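Structural characterization, general
The lines below spell out each chain.
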Amino acid sequence: MQDFLNTLKINETNSGVSTGSHWFSSSINTSSASPVDGKTIGTVQLASGSDYETIIQEAQKAFAIWRSVPAPKRGDVIRQVGDGFRRYKKELGSLISYETGKSLQEGLGEVQEVIDICDFASGLSRQISGLTMHSERPLHRMYEQYHPLGIVGIITAFNFPAAVWAWNSALAWVCGDVTVWKPSPKAPLTAIACQKITAEIFTLNQVPEAVSSLLCGNNDIGELLSRDTRIPLVSATGSTAMGRKVAVAVAQRLGRSLLELGGNNAIIITPDADLQLALTASVFGAVGTAGQRCTSTRRLIIHSSIYDTFKNQLVKAYHQLKIGNPLEHGIHMGPLIDKAAVEGYLTAIDRCKEEGGAFLVEGGLLEGYGYESGCYVKPCIAEVNPDLPIVREETFAPILYIMKYETIEEAIAIQNGVSQGLSSAIMSTNLRETELFLSSVGSDCGIANVNIGTSGAEIGGAFGGEKDSGGGRESGSDSWKAYMRRQTNTINFGNQLPLAQGIKFDL
Ligand code: NAD
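Reading the values: the criteria
- Residues numbered from 1 in each chain as written.
- Predicted model: local features only at pLDDT ≥ 70, side-chain atom pairs only at ≥ 80, totals over all residues.
- Heavy atoms only, no water.
- Near = heavy atom within 4 Å.
- Polar contact = N/O pair within 3.5 Å; in protein donor to acceptor, adjacent residues only side chain to side chain.
- Areas by Shrake-Rupley, 256 points an atom, 1.4 Å probe, with all protein chains shown as cover.
- Helix = DSSP H or I, 4+ residues; strand = E, 2+ residues; numbered from the N terminus.
- Nonpolar A, V, L, I, M, F, W, Y, C, P; charged D, E, K, R; others polar.
- Domains from an automatic or database assignment.
- Pairing = 2+ DSSP bridges.
- Axes fitted to C-alpha atoms, helices over the stretch in contact; angles between N-to-C directions.
- Buried < 20%, exposed > 50% of the residue type's maximum accessible area, 1.4 Å probe, protein only.
- Contact = heavy atoms within 4.5 Å.
- Salt bridge = Lys/Arg side-chain N within 4 Å of Asp/Glu carboxyl O.

Glancing now at the site of the ligand. Taken together, 27 residues form the shell around the ligand, and within it Thr 156, Asn 219, Ser 239, Leu 261 and Glu 394 come nearest. One of the backbone nitrogen or oxygen atoms of Gly 238 is found 3.4 Å away from an oxygen atom of the ligand. A distance of 2.8 Å separates a nitrogen atom of the ligand from a polar backbone atom of Leu 261. With the chains in place, 91% of the 850 Å² that the ligand exposes on its own is no longer accessible. Counting only elements with at least two residues in the shell around the ligand, the list comes to α8 (219-227) and α9 (240-252). The residue makeup of the shell around the ligand, split by class, is 12 nonpolar, 10 polar and 5 charged. Residues from two domains meet in the shell around the ligand; each of domain 1 (2-25 + 38-261 + 470-487) and domain 2 (265-450) gives at least three.

Here the focus is the sheet that holds strand β5 (residues 40-45). Strand order in the open sheet made by the 3 strands is β1-β5-β4, with mixed pairing throughout. Because the sheet does not close on itself, it has two edges, and the strands there are β1 (13-15) and β4 (29-33). The sheet shows a mean angle of 30° between the axes of neighbouring strands, taken without regard to direction. Inspection of the sheet shows β1 paired to β5 by 3 bridges, in the parallel sense. Looking across to β5, one finds that Asn 14 is bridged to Val 44.

Quick look at unusual backbone geometry now. One non-glycine residue, Lys 9, lies in the positive phi region at around 60°. By secondary structure assignment, the location of Lys 9 is in the loop between α1 (2-7) and β1. What makes Lys 9 partly exposed here is its relative accessible area of 45%. One non-glycine residue with positive phi stands out, namely Gln 501, at about 60°. By the secondary structure assignment, Gln 501 is in the segment after β24 (484-492). By relative accessible area, which is 65% here, Gln 501 ends up exposed.

Now for the side chain of Thr 434. By secondary structure assignment, the location of Thr 434 is in helix α14 (residues 431-438). Apart from residues no more than four positions distant in its own chain, Thr 434 is found in contact with Ile 426, Ser 428 and Val 450.

Attention now goes to the pattern of salt bridges. Following the criterion strictly, the structure yields 21 salt bridges and no others. Residues Lys 102 and Glu 110 are paired through a salt bridge, measuring 2.6 Å at the closest nitrogen-oxygen approach. Accessibility assignment for this pair places Lys 102 and Glu 110 in one class, buried. For Asp 228, the salt bridge goes to Arg 230, with nearest N and O atoms at 2.9 Å. Residue classification places Arg 230 among the partly exposed positions, given a relative accessible area of 26%.

Turning our eyes to something else, we now look at the domain arrangement of the chain. For the chain, the assigned domains read domain 1 (2-25 + 38-261 + 470-487) and domain 2 (265-450). A straight line from the C-alpha centre of domain 1 to that of domain 2 covers 31 Å. Inspection of the region where domain 1 meets domain 2 yields 2 salt bridges. In this structure, the salt-bridge partner of Arg 293 is Glu 106, at a minimum N-O distance of 3.2 Å. On the surface where domain 1 and domain 2 come into contact, there are 4 residue pairs in polar contact (both at pLDDT 80 or more). Sorting the residues of the side of domain 1 that touches domain 2 by element identifies α4 (89-100) and α5 (104-124) as the ones contributing at least two each. The biggest single contributor to the side of domain 1 that touches domain 2 is α4, with 5 residues. For the side of domain 1 that touches domain 2, the residue count by class is 5 nonpolar, 7 polar and 5 charged.

This is the structure we're talking about:
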């Protein structure tokens, strides 16, 4: 166990405040315990208010230099950062798995996302461009260009403790911005390891100190970032409740926010579905990362003609799931992040029963040998009416709600009938149904898939959701534009000054 911690230079006591090669010491301490075995992995020194101030001032200085480095040169450094993560993939993947409880395979997959977004940003470094348009005035040229914004504040959730930071940072850096990262207090050691890997590459390339800064802390540090007028963009990932607070604080000072919030994702399974595909997609979507992905499958909307067949297959599959130490081979599901998450899961089960849900596979806490951390639970399935209040909420745990539909229009209405709008999927080989699902009267989510589940996204596409899921887009496609300011330029190369809209102003 110690090997990967040693390689990543994670000690018993770790500073959680850094501008790169410089690490600050602080007397505010917290410890990070693993949900896998309940043991303390290490303690972390958190940021104080004065650390916060120092970090922001250093970030301002770094921005003054970094914004003038040509984008392809910035891209080359980010390419090397990706290589750094390639070198430490096994160790960092293990730490992510141990600190958050996700399977080792998922921990490694998360590091791969960091590598992929670095590759993406490196390619983007030679493609950042703006439009040129025809001016209505003779001998005039008009075009748009994108400039760096400044400091990007990044607030992240516990469940993707490295990837979400990288999605934001790689794009921000290539755009010429500098980043200040406030990671989840539930996964600070992964953040410290990421900062160390990045700092090693930045130092080698003489990148100014504080292009990437780390501010481990509690919610109060996130609140400081949200209110700070020196931070033009705050990218916040987490619960909808958190997003509402950040959105108000940032809007109050007319800053920009990029919000990636909770989901309540559904798969529609039609009579023309390939049921084997549908089964794998549903089970992986519901129990992967113990149901703690923003894109986890929470609802299955199944056509009445195949309902009983599919339900029986699902129940059989659930009885074969192996729950245990996520670092071990062949385990399908590890623990929840902490005991508070277990409480939330148990409360949701009780509420579901009170509201009339019928459990086909019972949930509950797992106890005994191997489950000493108190964070292991049983993935469960409940048959429900789609309108139950609990079904319309996001419970960040492996509870799957299944429900029946008769017409595709009804299925889409059920899918859209919740306040969240992150990810959605249809399992069908019927073109009419799949195209309807993808049309303007179909899914209202930011992500809509056909014949793959709701969870897991490639970095090449823009990632994000609508409604209570926040409306932000990050990662691929043209998400980079959120990290830049757009400027429209008009150049007169004639010797007249014709005014726009034909206005005359004779002197
Ligand atoms: P959380 O909302 O409890 O915390 C997320 C982050 O926000 C943490 O760093 C926390 O310290 C910070 N925070 C909390 N209150 C704040 C405030 N008032 N001001 C500023 N910062 C504040 O979420 P969590 O439990 O870590 O993660 C689970 C949630 O995140 C789920 O709802 C999940 O769907 C969502 N999530 C969404 C995405 C996405 O891309 N849409 C990705 C991952 C997780």
